[in-house]
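# Chains, contacts and geometry: an overview
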Amino acid sequence: MRGVFATILQNRAVAEDILKMVLRGKDGAGLAGARPGQFLMVRCSDTSDPLLRRPMSLYDVSGDTFSIVYRVVGAGTRLMAKMPEGGEVHVIAPLGNGFNLPPQSGRVALVGRGVGAAPLVFLAKTAIAQGKRVFGFISATSRESLVGVEDLSKMGVELQTGVDTDGSSTELLDLIRERHSAEPFDYVATCGSRRMLRLVQDLRTATGVPGEVLLETRMACGIGVCKGCVVMTADGTYKKVCTDGPVFPVELIAG
Amino acid sequence: MTERPDMSVAIGGLKLRNPVIAASGVVGYGVEYADLGVLDCFGAIVVKGTTLAPRAGNPPPRLAETPSGLLNSVGLENPGVDAVIREVIPRIPRTGARIIVNVAGATVDEYCRVAEKLDRVDDVDALEINISCPNVRTGGIQFGTVPETSAALVEAVRKCTGKVLIVKLTPNTGSICEVAKAVEQAGADAVSLINTILGMAIDVQSRRPVLSTVFGGLSGPAVKPIALRMVWQVSNEVTIPVVGMGGISEANDALEFLMAGASAVAVGTALLRNPRAGLEIVRGLEDWLVSEGMDDIRAVCGSAKAVRP
Ligand SMILES: Cc1cc2nc3c(=O)[nH]c(=O)nc-3n(C[C@H](O)[C@H](O)[C@H](O)COP(=O)(O)OP(=O)(O)OC[C@H]3O[C@@H](n4cnc5c(N)ncnc54)[C@H](O)[C@@H]3O)c2cc1C
Ligand SMILES: Cc1cc2nc3c(=O)[nH]c(=O)nc-3n(C[C@H](O)[C@H](O)[C@H](O)COP(=O)(O)O)c2cc1C
Ligand code: FES
């Protein structure tokens with residue numbers, strides 16, 4: 001983990017209200033060793049408003065560059081969207097624990113909704129590099145707001161997409177169940193939707209397939225000091241999303 | 001090399017190498033920031049509020065950002081004093097920064113028992129008695145809002161420890177000066193202020209308060225003018241040292257608090273957005289002294305109060 005100023009190499013729309021920011025650390029050291037599911041805390045103003053950094057998952061790490069894909073939802077991300085290419089931000093990265101692809105897994109399913117697909121793209125890249133077969137199930141409220149599908153299919157991920165406005169993703173969820181019963185996945189990762197999380201939890205309960213979820217909560221520090229980001233877990237204790245997560249085994253999280 | 005100015009200050013009997021302290025609750029247990037290499041600059045670090053038994057803290061959401069401010073309702077989540085002594089304090093990197101433990105509780109007895117236990121720990125240099133946490137219903141807040149109960153608490157804790165005793169005051173009272181005078185009388189070696197200011201935020205979409213506890217404590221630049229005013233007032237009323245805090249983000253803010261009468265300053269929320277804030281403030285203060293031709297930081301304390309010719 002380190003704090004570094006980074007140059008914005010690219011900051012462009014990749015879907016509706018969703019931008020991709022490609023960064024290069026000014027110290028030139030890149031983020032070698034960063035794992036899918038880890039995140040960074042980005043600060044993009046010198047003033048005190050917005051006050052806090054914003055947590056963003058790593059979308060890709062490649063050589064000395066790294067990228068995030070973010071949805072414009074409020075003041076902080078609006079400011080990020082206005083940052084010029086060539087400008088700079090300050091990041092603390094990499095943070096948190098990444099996904100844990102079981103070494104012996106051959107068939108990996110990635111289940112994401114909206115911008116929740118962002119961290120799954122980095123995970124797909126890693127899984128494919130390890131020779132695994134990767135199945136992507138990605139949904140969004142509209143075709144225009146699907147995230148990562150182009151990059152995923154370029155990598156050779158076997159992709160299914162779904163579009164629905166209410167978050168039900170019924171057809172996609174049915175499809176995952178069908179695929180899993182025809183030929184089981186041996187690892188499932190999810191992010192971005194409660195319903196998808198519940199499905200992965202159900203699969204885990206019914207068939208024992210290990211599943212992990214990347215959680216998002218409000219954060220102030222991202223490094224475990226403020227205790228602001230907690231979730232209640234199945235064992236009745238609060239866990240910090242930033243340093244205990246953001247990736248958790250699905251059975252640990254209330255559906 | 002030119003001579004650097006003398007940055008050391010004293011809080012009661014406790015000598016700090018410089019007047020910049022990492023505030024309670026924002027450096028965790030000090031180990032986390034070590035990775036970022038930004039801890040060794042401080043004069044002291046204050047460990048998160050510690051209670052007798054472990055506390056789980058409040059349900060999420062615990063954070064809400066407001067204009068230049070942060071509302072939190074963490075609620076003194078901590079593993080309890082025994083675990084802090086056994087597991088936390090030994091892990092704090094010893095960098096020359098003093099270690100102060102922030103003590104909280106629900107009853108006089110609880111404060112006393114925590115203080116007794118910490119009194120026996122060599123690595124603990126001072127205790128900061130938190131009579132002011134707004135996030136625990138039974139918490140110190142009743143103590144900290146009333147001069148008489150504050151004094152009774154401090155008197156009792158004073159008997160349990162020979163360590164330097166700093167009492168942390170709440171701004172959520174109409175009588176902060178009276179409380180300060182009362183705890184001075186009761187044996188406090190110093191007072192620190194301010195803790196967070198009670199506030200709230202509402203999510204208009206869901207029509208619900210953002211924080212699970214409805215109210216939380218406001219910190220950050222938004223509170224600075226209020227904090228500064230209180231430091232000015234309290235330092236007029238007591239003779240013990242005052243540790244000033246509330247929204248300090250850069251050297252200039254720290255100078256304002258020192259000039260208002262603080263002997264030392266603490267930095268909290270600013271570290272969340274800028275982990276290097278402590279380092280930058282220490283350097284900034286030194287540079288300022290040099291540029292003013294001054295050789296001792298203590299000369300800044302209260303200097304804005306000097307009668308002008
Ligand atoms: C580990 C982690 C990884 C993340 N990765 C990504 C990513 O890759 N791409 C991306 O677009 N976003 C990601 N997020 C979410 C992102 O951090 C927030 O959307 C962002 O902080 C919002 O900032 P803002 O100032 O634009 O909005 P704000 O003004 O802060 O908030 C806008 C709205 O979103 C709500 N909100 C903000 N943050 C959260 C949150 N964490 N959980 C629930 N509601 C929230 C607020 O209540 C408000 O209604 C991630 C969050 C975490 C914790
Ligand atoms: C997340 C968070 C946790 C805090 N926890 C404590 C605590 O445990 N004990 C305490 O006395 N003060 C606590 N505080 C208050 C700070 O120490 C400080 O008094 C206050 O935030 C004002 O300073 P600032 O504006 O520089 O943050 C906490 C503040 C924050 C933001
Ligand atoms: S964001 Fe501060 S502890 Fe997780």
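Up top is the structure these notes are about.
The next thing to look at is the pattern of salt bridges. Residues and elements named next belong to chain B. This structure, assessed with the given rule, holds 29 salt bridges over all chains. Here Arg4 and Glu286 are joined by a salt bridge, their closest N and O atoms 2.8 Å apart. With a gap of 282 residues between them, Arg4 in the segment before strand E1 (9–11) and Glu286 in helix H10 (residues 277–291) connect regions that are remote in the sequence.

Glancing now at the sheet that holds strand E11 (residues 197–200) of chain B. All names here are of chain B. If you trace the four strands from one edge of the open sheet to the other, you get E5-E6-E14-E11, paired in antiparallel fashion. Two strands bound the open sheet, and with one partner strand each, they are strand E5 (63–66) and E11. Going from strand to strand, the sheet's axes swing by 40 degrees on average, the running direction of each strand aside. Alignment of strand E6 (residues 69–72) against strand E14 (residues 215–219), held across three bridges, turns out to be antiparallel. Counted as the bridge partner of Leu71 is Leu218 from E14.

This part takes up the site of ligand 2. Residues and elements named next belong to chain B. Taken together, 20 residues sit near ligand 2, with Ser24, Lys168, Gly220, Gly247 and Thr269 positioned nearest. With respect to ligand 2, the backbone of Gly49 contributes an N or O atom lying 3.1 Å from an oxygen atom. The backbone of Ile194 places a nitrogen or oxygen atom 2.9 Å from an oxygen atom of ligand 2. In the complex, the protein chains occlude 98% of the 610 Å² of accessible area that ligand 2 would expose alone. Given that more than half its atoms are within 2 Å of the pocket grid, ligand 2 belongs to the largest cavity. Of the residues assigned to the shell around ligand 2, the class counts are four nonpolar, 14 polar and two charged.

With that settled, the discussion passes to the sheet that holds strand E16 (residues 264–267) of chain B. Around the barrel, which closes on itself, the eight strands sit in the order E3-E4-E7-E8-E9-E10-E15-E16 (chain B) with parallel pairing between neighbours. Along the sheet, successive strands turn relative to each other by an average axial angle of 25 degrees, direction set aside.

Residue and element names in this part refer to chain A. Tracing the sequence through the fold places Thr233 in the loop between strand E13 (230–232) and strand E14 (238–240). Side-chain polar atoms of Thr233 contact the side chain of Asp235, separated by 2.8 Å. The residues contacting Thr233, other than those within four sequence positions of it, are Lys239, Leu252 and Ile253.

Before going further, it helps to spend a moment on empty space enclosed by the protein. Over the atoms, a rolled probe matching the size of one water molecule traces out where space is still vacant. Residues and elements named next belong to chain B. Counted according to the given criterion, the structure contains three cavities of 30 Å³ or more. Computed from the structure, the largest cavity encloses a volume of approximately 510 Å³. Residue assignment for the lining of the largest cavity shows that the elements contributing at least two residues are strand E4 (44–50), E6, E14 and helix H9 (270–273). Tallied by class, residues from the lining of the largest cavity come to 17 nonpolar, 16 polar and two charged.

With that settled, the discussion passes to the nonpolar core. Counting 138 residues, the largest nonpolar core has B:Tyr33, B:Ile129, B:Leu169, B:Leu193 and B:Leu272 as the members making the most contacts within it. When residues of this core are sorted by domain, at least three fall in each of domain 1 (2–95) and domain 2 (107–214) of chain A.

Of the volumes computed, that of the second largest pocket is approximately 470 Å³. A:Asp46, B:Ser249, B:Arg273, B:Asn274 and B:Glu280 are the residues nearest the centre of the second largest pocket, which is lined by 25 residues in total. The element best represented in the lining of the second largest pocket is H10(B), accounting for three residues. Broken down by class, the residue content of the lining of the second largest pocket amounts to eight nonpolar, nine polar and eight charged.

Here is what the cut-offs are and how they apply
- Residues numbered from 1 in each chain as written.
- Chains lettered and ligands numbered in written order.
- Predicted model: local features only at pLDDT ≥ 70, side-chain atom pairs only at ≥ 80, totals over all residues.
- Heavy atoms only, no water.
- Salt bridge = Lys/Arg side-chain N within 4 Å of Asp/Glu carboxyl O.
- Helix = DSSP H or I, 4+ residues; strand = E, 2+ residues; numbered from the N terminus.
- Pairing = 2+ DSSP bridges.
- Axes fitted to C-alpha atoms, helices over the stretch in contact; angles between N-to-C directions.
- Near = heavy atom within 4 Å.
- Polar contact = N/O pair within 3.5 Å; in protein donor to acceptor, adjacent residues only side chain to side chain.
- Areas by Shrake-Rupley, 256 points an atom, 1.4 Å probe, with all protein chains shown as cover.
- 1 Å grid on protein atoms, 1.4 Å probe; cavity = no way out; pocket = protein on both sides within 12 Å on 5 of 7 lines; lining within 4 Å.
- Sits in = over half its atoms within 2 Å of the grid points.
- Nonpolar A, V, L, I, M, F, W, Y, C, P; charged D, E, K, R; others polar.
- Contact = heavy atoms within 4.5 Å.
- Points joined across faces, edges and corners; volume = space filled by probe spheres on them.
- Core = buried A, V, L, I, M, F, W, Y, C linked by side-chain atoms within 4.5 Å.
- Buried < 20%, exposed > 50% of the residue type's maximum accessible area, 1.4 Å probe, protein only.
- Domains from an automatic or database assignment.

The values are spatial; any link to function lies outside them.
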